[in-house]
Amino acid sequence: MVKILIPVFAVIFFLSGCGPRRREPKPVLGVRKSAAEALSVLRSRSQHTGPLKANGQCVWQYYNDGKKRKENFAVKLWMNPPAEVYLQGDVAFNPRGIVLGSNASEFWLLIKPEVSQYSWGKWAEQDSSSGLMVVPKTLGEALGIVEVVDEKSWSLSQEGGFDVLIRRNDKGGIAGKIYINRRNYLVRKIEYFDVNGKVLAVAELDKYKDVTEDFFVPTVIKIMMYGENGAEDSDSITLNLKSVKPDSFTEKRRKIIFTRPEPKGYEHIYRIIDGHLVEEPQ
């Protein structure tokens, strides 16, 4: 159960959004012939992002003790790109039954129903190949914000109507793929791979709406986390956000929302190091 919970909800970190109006972004003219050109278009989108707040509904399907379970709960989200995220889910009549948060240095996941689990980690202590829970930039990728340290690790291919950005790890294996609609250059799908080239998860993004004139985000996000048997024992999350509005954060409000809370009242406390859970003494 613990191994399932952390990576599944960590994905929510990385993907979110919706908007009150439906408006298509302007077509992106021309053909991208290289990864550098494609990344340049995505970078230009990041200039229009800003703080936001949203609410909606989350359907979570997972396996526990060999049985498939389903949770349907309301969520509230605050985001201050690129690093600060706070999401809370109303589970089992607890408005903070699930809390997910991150800032520039740390991330955390708190779960009260059933498992009473507090998990946290420092970004600096994670390895790039340790899995989804240590890839915070997924949120940015979903919004079209791609921060690239080494452009040489990226390549570009075409599949149907999509430009596909492929990122490789330090061993030359595929670490991730970003599928971009070639017409409007919105991200439609993201695939994640482990160090052995096996698919870890797939995130599909749909029904984009505008938050501001040049800031588009998906309103429907479906995430599948593959188990040992692939899709047969996968967990899934479908996130539908019904409203989103631009927001602003004073320094005081930022610290309240995006600071990791103390681990009080939880039966199990885990620290995540290089993608692995290490239980800490109470």
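The model shown is predicted, which means the values in this text are computed figures rather than measured ones. (Residues numbered from 1 in each chain as written. Predicted model: local features only at pLDDT ≥ 70, side-chain atom pairs only at ≥ 80, totals over all residues. Heavy atoms only, no water.)

J.: Account for the packing of aromatic side chains, with residues named and values stated.
T.: The relative placement of two aromatic rings is captured by the distance of their centres and the angle of their planes. Evaluation of the coordinates by the stated rule reveals five aromatic pairs. Aromatic side chains Tyr118 and Tyr266 sit 5.6 Å apart centroid to centroid with 65° between the ring planes, which places their arrangement in the edge-to-face category. Of this pair, Tyr118 sits in strand β6 (residues 117–122) while Tyr266 sits in the loop between α4 (251–257) and β14 (268–273); the two residues are 148 residues apart in sequence, bridging distant segments of the chain. Just as Tyr118 is buried, Tyr266 falls in that class too. The ring of Tyr179 is capped by Lys189, whose NZ or CZ atom sits 4.5 Å from the centre of that ring. Directly above the aromatic system of Trp120 lies the positively charged group of Arg260, at a separation of 3.8 Å from the ring centroid. (Phe/Tyr/Trp six-rings, centres within 6.5 Å; stacked < 30°, edge-to-face > 60°. Helix = DSSP H or I, 4+ residues; strand = E, 2+ residues; numbered from the N terminus. Buried < 20%, exposed > 50% of the residue type's maximum accessible area, 1.4 Å probe, protein only. Lys NZ or Arg CZ within 6 Å of the ring centre and 35° of its normal.)

J.: I'd like to hear about the side chain of Glu106, residue by residue, with values.
T.: With respect to the helices and strands, the residue Glu106 is situated in strand β5 (residues 106–111). By relative accessible area, which is 11% here, Glu106 ends up buried. A polar atom in the side chain of Glu106 sits 3.4 Å from the side chain of Lys122. Glu106 has contacts with Trp120, Gly121, Lys122, Trp123 and Arg260, leaving out every residue within four places of it along the chain. (Polar contact = N/O pair within 3.5 Å; in protein donor to acceptor, adjacent residues only side chain to side chain. Contact = heavy atoms within 4.5 Å.)

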